[in-house]
Amino acid sequence: MEFLDISEQKHLNGISIESFHGLKRLRELNIEACQLDTIPKIMSEGISLQNITSLSLSNHRIHALEANSLFGVPSLVQLNLSYGYLERINASTFLLLEHLQVLDLRYNHLSTLSGEVFVGNFDLVDVKLSNNPWMCNCSLLDFINYKNRQQWSPLSEDCGGDDDGIEPCAMCREPYSTEGKYLVDMQQPLQSSCQMTIADSIADNCPSTCQCVADQVLCSGQKLAEAPRFFPPLSREIDLSDNLLTSVKADIFAPYNHLETLNLSGNGMTSFNTKSELLPLSLRTLDLSWNRFKRVPLIPGPLNITRLSLRDGHLAFIEGFAFVSMKQMEFLDISEQKHLNGISRTSCFYRRVRFCCDETTGIFGH
């Protein structure tokens, strides 16, 4: 069986994780107009739907998509979640859907989206967002910036209504001053008004032991034995290098969804505790060089880190799948590991890694 339609089951409120066992040829699944109020576990934890390329859950009662909601359907090319009750989508929900091309989110209750929500979807060409109550304020700016760069939707002058055959563009619902304006036209107005908000946020929340410049928080060389517990909410760079930090917990940084660069080099750290919290998906550069890690810190993911440095540490061996959570990584520096005597062949197995080296031992991998 390649196609299965179980739509319009008005009493359906659950699907067993074993329901589609053995359907290895199944490619298209329709579960429209049912009473499901959560994503079935078979789509988040199961293995039966690994090969489906088209999934329709339109006319649903689902209110939220969590980080792992779609981990069980990694081959999706088309996903229809229109005409429902969606209010919230986790920034990691679509991260593993590398082949996703078409996504329909029309007619839901979405008011905002993270600017990171589609960063792993390189093949995405068509995203339908109209008829949602978009809140056009600073929290939506990163998403609008990303959306406009992708040019998924027609320009505002090409937008139509629901009945004239032209795809309608997403419009602002609130605040009142923006009601009826197209999201694609809000980039410049929001950038101007939000710049002042960013400046005020940085000034009001700068840690006393640090210096804050624009969206940078500079705490280098302050002899800090503990990292500050709070940073400005809109920080894009946090520099805690050359201090006395021996252990840092990731939950300090987890709330900062604009953070792109984190520098923890030169601290003599022996542990980087990330068991309980994920690092923010916005993070691109992580510098852990000149510390005392005996093994590569296990950092749960998925993450969007593109540059990682563990230079000049105490690594003796790099285990298999040590960087499994960093599928977007392009540059890796593990140079000057004076105790490094081996690297598992599965350590650097993702195709995006460009550079993986140890100058001291002469071990190289790509």
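The shown structure was predicted, so the numbers you read here are calculated from the model rather than taken from an experiment. (Residues numbered from 1 in each chain as written. Predicted model: local features only at pLDDT ≥ 70, side-chain atom pairs only at ≥ 80, totals over all residues. Heavy atoms only, no water.)

**Quick notes on the overall build of the chain**
For clarity, the threshold we go by: Secondary structure counts use DSSP, requiring at least four H or I residues in a row for a helix and at least two E residues in a row for a strand, with both numbered from the N terminus. Relative accessibility thresholds used throughout: buried, under 20% of the residue-type maximum; exposed, over 50%; partly exposed, between the two (1.4 Å probe, protein chains only). The contact definition used throughout considers only heavy atoms, calling two residues in contact when any of these lie within 4.5 Å. All accessible areas in this document rest on Shrake-Rupley with a 1.4 Å probe, and a residue is counted as covered only by the protein chains that are shown.
Helix and strand content of the chain: 3 helices and 21 strands. Burial analysis of the chain (366 residues in total) assigns 47% to the buried set. When contacts within the chain are restricted to residue pairs at least 6 apart in sequence, long-range pairs at least 24 apart make up 54% of them. With an accessible surface of roughly 17,800 Å², the chain has 49% of that area assigned to carbon and sulfur atoms.

**Concerning the sheet that holds strand β3 (residues 54–56)**
Put simply, the rule is: Pairing between two strands is assigned when DSSP locates at least 2 bridges connecting them. Between the N-to-C directions of two axes lies an angle of 0 to 180 degrees, each axis being a line fitted to C-alpha atoms and, for a helix, fitted only over the stretch in contact.
Ordered by their spatial adjacency, 6 strands build an open sheet running β1-β2-β3-β5-β7-β8, and the pairing between neighbours is parallel. Each edge of the open sheet carries a strand with a single partner, namely β1 (3–5) and β8 (126–128). For this sheet, the mean angle separating the axes of adjacent strands, direction not counted, is 0 degrees.

**So, the packing of aromatic side chains**
Going by this rule: What counts as a ring pair is set by centres within 6.5 Å for rings of Phe, Tyr and Trp (its six-membered ring), and what kind of pair is set by the plane angle: stacked under 30 degrees, edge-to-face over 60, tilted for all other angles.
Counted by the stated rule, this structure contains 6 aromatic pairs. Both rings, one in Phe118 and one in Phe143, keep their centres 6.2 Å apart while their planes meet at 55 degrees; by these two values the pair is tilted. Taken as a pair, Phe118 in the loop between β7 (102–104) and β8 and Phe143 in helix α2 (residues 141–150) lie far apart in primary sequence, 25 residues in all. Aromatic pair Trp134 and Phe143: ring centres 6.4 Å apart, planes at 20 degrees, arrangement stacked. Each member of the pair, Trp134 together with Phe143, is buried. Grouping aromatic residues by their ring pairs yields a cluster made of Phe94, Phe118, Trp134 and Phe143.

**Let's talk about the side chain of Asn263**
Secondary-structure assignment places Asn263 in strand β15 (residues 261–263). Judged by its relative accessible area of 17%, Asn263 falls in the buried class. Leaving out residues up to four positions away in the same chain, Asn263 has contacts with Ile238, Asp239, Leu240, Ser241 and Asp287.

**Quick word on the confidence of the model for the chain**
Rules: Scored from 0 to 100, pLDDT reflects the predictor's confidence in each residue.
Chain-level statistics for the chain give a pLDDT mean of 82 and a share of 84% at 70 or above. The least confident element of the chain is strand β21 (residues 363–365), whose mean pLDDT is 42; the most confident is strand β5 (residues 78–80), at 97. Here residues 349–366 is modelled with pLDDT under 50, and outside its nearest four sequence neighbours on either side it reaches 48 contacts, counting other chains as well.

**Here we look at α2**
Where burial is concerned, most of α2 is hidden: 7 out of the 10 residues are buried. Here α2 has its buried residues at Leu141, Phe143, Ile144, Asn145, Tyr146, Lys147 and Asn148.

**Brief notes about the nonpolar core**
To be explicit about the condition: The set of buried Ala, Val, Leu, Ile, Met, Phe, Trp, Tyr and Cys residues whose side-chain atoms join them within 4.5 Å is what this entry labels a nonpolar core.
Core analysis: the largest hydrophobic core is formed by 54 residues, its most contacted members being Met43, Phe94 and Phe118. For this core, the secondary-structure elements that each account for two or more residues are α1 (41–44), α2 and α3 (187–205). The residues touching Met43, leaving out its near neighbours within four places in the chain, are Leu29, Ile31, Leu49, Leu55, Leu57, Ser69, Leu70, Phe71, Gly72 and Val73. Counting 39 residues, the second-largest nonpolar core is a separate cluster that includes Leu240, Phe272, Leu283 and Met329.

**A few points about the pattern of salt bridges**
Proximity of charged atoms lets side chains of opposite charge pair with each other. The cut-off we apply is this: By definition, a salt bridge exists where a carboxyl oxygen of Asp or Glu is found within 4 Å of a side-chain nitrogen of Lys or Arg.
The final tally for this structure, using the stated rule, is 11 salt bridges. Measuring nitrogen to oxygen at the nearest pair gives 2.6 Å for the salt bridge that ties Lys128 to Asp126. Taking the shortest distance from any N to any O, the salt bridge between Glu260 and Arg236 comes out at 2.9 Å. Remark: Arg236 occurs in the loop between β12 (216–218) and β13 (237–239) and Glu260 occurs in the loop between β14 (247–249) and β15; sequence separation between them is 24 residues. Salt bridges linked by common partners bring Asp142, Asp215, Arg236 and Glu260 together as one network.

**Some details on the side chain of Thr178**
Spelled out, the test is: N or O atoms closer than or at 3.5 Å make up a polar contact, with two conditions inside protein: a donor-capable atom paired with an acceptor-capable one, and, for residues adjacent in sequence, both atoms drawn from side chains.
Along the chain, the position of Thr178 falls in the loop between β10 (172–174) and α3. The class of Thr178 is buried, set by a relative accessible area of 7%. For Thr178, the side chain forms a polar contact with the main-chain oxygen of Pro175, separated by 2.9 Å. Leaving out residues up to four positions away in the same chain, Thr178 has contacts with Cys136, Cys172 and Met186.

**Things to note about the state of the cysteines**
When the sulfur atoms of two cysteines share a covalent bond, that bond is a disulfide. Stated precisely, the cut-off is as follows: When two cysteine sulfur atoms are found within 2.5 Å, that pair is recorded as a disulfide.
In total, this model carries 3 disulfides according to the counting rule given. Each sulfur of the disulfide joining Cys136 and Cys172 lies 2.0 Å from the other. Torsion about the S-S bond of the Cys136 and Cys172 cystine: about -90 degrees, corresponding to left-handed handedness. Pair noted here: Cys136 is in the loop between β9 (134–135) and α2 and Cys172 is in strand β10, with a separation of 36 residues, a long-range link. Residue Cys172 is classed as buried on the basis of its relative accessible area of 4%. Here Cys210 connects covalently by a disulfide to Cys219, the sulfurs 2.0 Å from one another. Disulfide Cys210 to Cys219: torsion about the S-S bond roughly 105 degrees, handedness right-handed. Like Cys210, the residue Cys219 is buried in the burial classification.

**Some points on unusual backbone geometry**
Between Glu174 and Pro175 the backbone carries a cis peptide bond, its omega angle lying at -10 degrees. With respect to the secondary-structure elements, Pro175 resides in the loop between β10 and α3. At Tyr107, a position not held by glycine, the phi torsion is positive, near 55 degrees. One can find Tyr107 in the loop between β7 and β8. Judged by relative accessible area, Tyr107 falls into the partly exposed class, the value being 24%.

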